[in-house]
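Below, each chain spelled out in residue letters.
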Amino acid sequence: MAATLTQDEALFQFLLRMGDNTLILGHRVSEWCGHAPVLEEDIALANTALDLIGQTQMWLGLAGEVQGAGKSADDLAFLRDVWDFRNVLLVEVPNADFGRTLMRQFLFDAWHSIQLGHLMKSSDPRIAAIAAKTSKEVAYHLERSADTVVGLGDGTEESHGFIQAALDYLWPYVGEMFTSDAVDAAMVDAGIAPDPASLRSDYDALVLRVLEDATLTVPDSRFAHKGGRTGAMHTEHLGHLLTQMQWLQRAYPGASW
Amino acid sequence: MKNEWPLWEVFIRGQHGLSHRHVGSLHAPDAEMAIKNARDVYTRRNEGVSIWVVEANNIAASSPSDKGPLYEPSESKVYRHPTFFDIPDEVGAM
């Protein structure tokens, strides 16, 4: 792939990665709508989901432009199959309990906010503009999810147990956000985006500080599940998610409000 | 109701120069989360520039049954309204 990758193809892949992360996580979080443990959390989660789906429109909208095949953000979201998605595995794992949902959100928000901080300085003004607009939303997502992780971790014995189990389950999905390939190398060369691996030390500093406040124990292992952002292999969960998210456009092609 | 989070009253300032106004209430475990919840519940449509929250049980309120002693005595005292003065025209709008 590396030998034949043009700049536009690499940029398209990069934009899919950004947009698919926010799309799939946005859909996952939206699954809580009407089911969250308290009304206030229900509204907050729905707001987060809407923010992420709004961001998806920008990333996938630009991806469609760069691809030059006349595809809209909706086409990319609703008419691609599972092997064409480029989100990290972390965002597609099921919600399970509230603790796992919030821990997944925190682990993603921390990466997302650092990534957007770098993208605001992107050599591509379209990407810098999206990053500037979305970084304020993401700063709030991070503040909220970090506080909730601390609240649950440093809360009752029961809440601590749930959020520690969530961290143990999700930690092996963290490493994938910092893996690099030919797409990333092309983005670094063009000054469009940072090398993912270079974000790890800032990420660790931020995440470990919050997890310590939350009295949680970070698993020792640096083992990382991979395959989402390259599209090599998603978890079995993504296909199930797409059957729900895409069924209307699949069953009634072109349906609109 | 022992497991319920405390109730917070939410006050939002709509624009600089205006007062904070009571907009509603919500539940939250502490003041910081109450502000965050207020942000999510009450400022989604660009309503505010400042949020106050106060735990509802810290508000001392008058009792509705005291309505008579508290408010009725002033009803018959129209002279307390400054409507009995002749204002010279030169004063202009007051």
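Refer to the preceding data block for the structure.
Starting afresh in each chain, residues are numbered from 1 along the sequence in its written order. Whichever chain is written first is A, and whichever ligand is written first is 1; the rest continue in order. At least 70 in pLDDT is required for a residue's local features to be given in this predicted model, at least 80 for side-chain atom pairs to be given and counted, and no such filter applies to totals for whole chains, interfaces and linings, which use all residues.

Visitor: Explanation requested: the overall build of chain A in the structure shown.
Guide: Each helix and strand counted, chain A has 9 helices and 0 strands in total. In chain A, the succession of helices and strands from N to C terminus is α-α-α-α-α-α-α-α-α. A principal-axis box enclosing the C-alpha atoms of chain A has dimensions of 55 × 40 × 30 Å. The buried share of chain A, taken over its 257 residues, is 43%. The long-range fraction of contacts in chain A, counting pairs at least 24 apart against all pairs at least 6 apart in sequence, stands at 73%. By definition, any uninterrupted DSSP run of H or I lasting at least four residues is a helix, any uninterrupted run of E lasting at least two residues is a strand, and each is numbered from the N terminus. Neighbour counting defines burial: a residue surrounded by 20 or more other C-beta atoms within 10 Å of its own C-beta is buried, one with 12 or fewer is exposed, and intermediate counts give partly exposed, using backbone-placed C-beta atoms. We call two residues in contact if the C-beta atoms placed from their backbones are at most 7 Å apart.

Visitor: Would you explain the pairing of strand β1 (residues 7-13) of chain B in this entry?
Guide: Note on strand geometry: in a regular strand, side chains alternate between the two faces of the sheet. Residues and elements named next belong to chain B. Residue alternation in β1 divides its side chains into a buried set, Trp8, Val10 and Ile12, and an unburied set, Leu7, Glu9, Phe11 and Arg13. Strand pairing follows a simple DSSP-based rule, namely that at least 2 bridges must link the two strands. In this sheet, strand β2 (residues 20-27) lies alongside β1 in antiparallel orientation, the contact comprising 7 bridges. Residue isoleucine 12 lies in a different strand from β2, and its bridge partner there is arginine 21. Here β1 hands over to β2 after 6 residues, with glycine 17 in that stretch at a positive phi of 95°. Across 6 bridges, β1 lies against strand β3 (residues 50-55) in antiparallel orientation. Across the sheet, the residue bridging to phenylalanine 11 is tryptophan 52, located in β3.

Visitor: Would you take a moment to explain the environment of serine 65 of chain B for this structure?
Guide: All names here are of chain B. With respect to the helices and strands, the residue serine 65 is situated in the loop between β3 and α2 (67-75). Residue classification places serine 65 among the exposed residues on the basis of 8 C-beta atoms within 10 Å. For serine 65 and tryptophan 5, which are 60 residues apart along the polypeptide, the C-alpha to C-alpha distance reads 29 Å.

Visitor: How should the interface of chain A and chain B be read in this particular structure?
Guide: Interfaces are frequently sized by the accessible area removed from exposure as the parts join. Contacts between chain A and chain B engage 8 residues on the former and 11 residues on the latter. Taken together, the elements giving at least two residues each to the side of chain A that touches chain B come down to α2 (39-67) and α5 (125-153) of chain A. Looking at the side of chain A that touches chain B residue by residue, the classes come out as 3 nonpolar, 2 polar and 3 charged. Residue type decides the class: Asp, Glu, Lys and Arg count as charged, Ala, Val, Leu, Ile, Met, Phe, Trp, Tyr, Cys and Pro as nonpolar, and the leftover types, Gly among them, as polar.

Visitor: Can you help me understand the environment of arginine 104 of chain A in this one?
Guide: All names here are of chain A. Relative to the helices and strands, arginine 104 is located in helix α4 (residues 98-119). We classify arginine 104 as buried; it has 26 C-beta atoms within 10 Å. For arginine 104 and leucine 199, which are 95 residues apart along the polypeptide, the C-alpha to C-alpha distance reads 18 Å. If we skip the residues at most four places from it in the chain, arginine 104 touches Leu90, Val93 and Leu170.

Visitor: Sorry, what's going on with the sheet that holds β3 of chain B here?
Guide: Working definition: the strands of a sheet are paired by backbone hydrogen bonds and lie parallel or antiparallel to each other. Residues and elements named next belong to chain B. Spatial strand order, β2-β1-β3: 3 strands in an open sheet with antiparallel pairing. On the outer flanks of this sheet lie β2 and β3, each paired with one strand and no other. Taken pair by pair, the neighbouring strands of this sheet meet at an average axis angle of 25°, ignoring direction. For helices, the fitted axis covers only the stretch in contact; all axes are lines through C-alpha atoms, and the angles between them, taken along N-to-C directions, range from 0 to 180 degrees.

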